[in-house]
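Listed below are the residues making up each chain.
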Amino acid sequence: PSPSIPGRCSCGTPRPDARNASSTDPTRRNINKRYDMKTLIQTAIAFGAMLMTLTATHAENLFWANTGTDFNAAGSFTNATGANQAPTSSDYVYFPSVAVQQPVLTADLTIQGFAFRRNPTAEVNVAEPPDCCGFVLSAANGAKLTLTYSGNNYPIVCRTLGTNVVAAPIVFHNANNVDRRIGANYGRLEFNAPISTLGTNNTLYLTGNYDTVFVFNADNSSFSGKASFNQCLHAYIRHPQAFLGMTSLSFNS
């Protein structure tokens, strides 16, 4: 036989006193109302905090202004309103025009990613001259650029004809078992400094289109994981440790 539950007969039939207590006792009804309101308020506060967190981590797009060389300085970038703004860990950086001033990373910095591209939706127009090229992103004082985008997001994008060079050390942030995607359409993208990751078992996922050229001129043996080559790209591996230190290589399409 099942144990007797307080307020109920052993046969499961509610006792009259238990069945009607909540409906006849005004004190209990008020307590229940206060408890429900407290729960609603706590839920609303938690939901509001979650929204604030999502808003705080949402990427803001910054655009290289071609007016200075310091990649860390506010005067080198503009935001969507045209105001100067220094890049931070919640920002994604665009190089939207032909290089006039060359960007130099002057201290360690974390951003979400960067793109040689006019804007977040611009595609390559082969009828136009190369429009987002000629850049050499270099580093001074041993500075490193940490990128936090992973998964289906692309921390490095090149959507332009012409050549761009990444000569600053790239570090992918501490996350395990994720893709680190580098995507390009047309153009030539060279890496003259090491690519590494703070996480483990990552995949350096390279994807191209329309005769994309990737060039690897540095030792990437500090990248913990594997490399995957995908879709219409040419890869020139000019350093013996560019990929040999990785756990595996895969080739698709």
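Just above sits the structure.
Residues numbered from 1 in each chain as written. Predicted model: local features only at pLDDT ≥ 70, side-chain atom pairs only at ≥ 80, totals over all residues. Heavy atoms only, no water.

Remarks on the packing of aromatic side chains
The description of an aromatic ring pair uses the distance of the two centres, along with the angle that the planes make with each other. The final tally for this structure, using the stated rule, is 18 aromatic pairs. Geometrically, the ring pair formed by phenylalanine 63 and tyrosine 94 is stacked, given 5.6 Å between the ring centres and 25° between the ring planes. In this pair, phenylalanine 63 is assigned in strand S1 (residues 60-64) and tyrosine 94 in strand S3 (residues 91-94), connecting sequence segments 31 residues apart. This pair shows no difference in class: phenylalanine 63 is buried, exactly as tyrosine 94 is. Relative to phenylalanine 116, the ring of phenylalanine 114 lies with its centre 5.8 Å away and its plane at 80°, an arrangement referred to as edge-to-face. For phenylalanine 114, a relative accessible area of 0% translates into the label buried. Counting every residue linked through ring pairs, the aromatic cluster contains Trp64, Phe71, Phe77, Phe95, Phe114, Phe116 and Phe135. For arginine 181, the ring lying beneath its charged end belongs to tyrosine 205, and the centroid distance is 4.0 Å. Sitting over the ring of tyrosine 236, arginine 188 keeps its end group 6.0 Å from the ring centre. (Phe/Tyr/Trp six-rings, centres within 6.5 Å; stacked < 30°, edge-to-face > 60°. Helix = DSSP H or I, 4+ residues; strand = E, 2+ residues; numbered from the N terminus. Buried < 20%, exposed > 50% of the residue type's maximum accessible area, 1.4 Å probe, protein only. Lys NZ or Arg CZ within 6 Å of the ring centre and 35° of its normal.)

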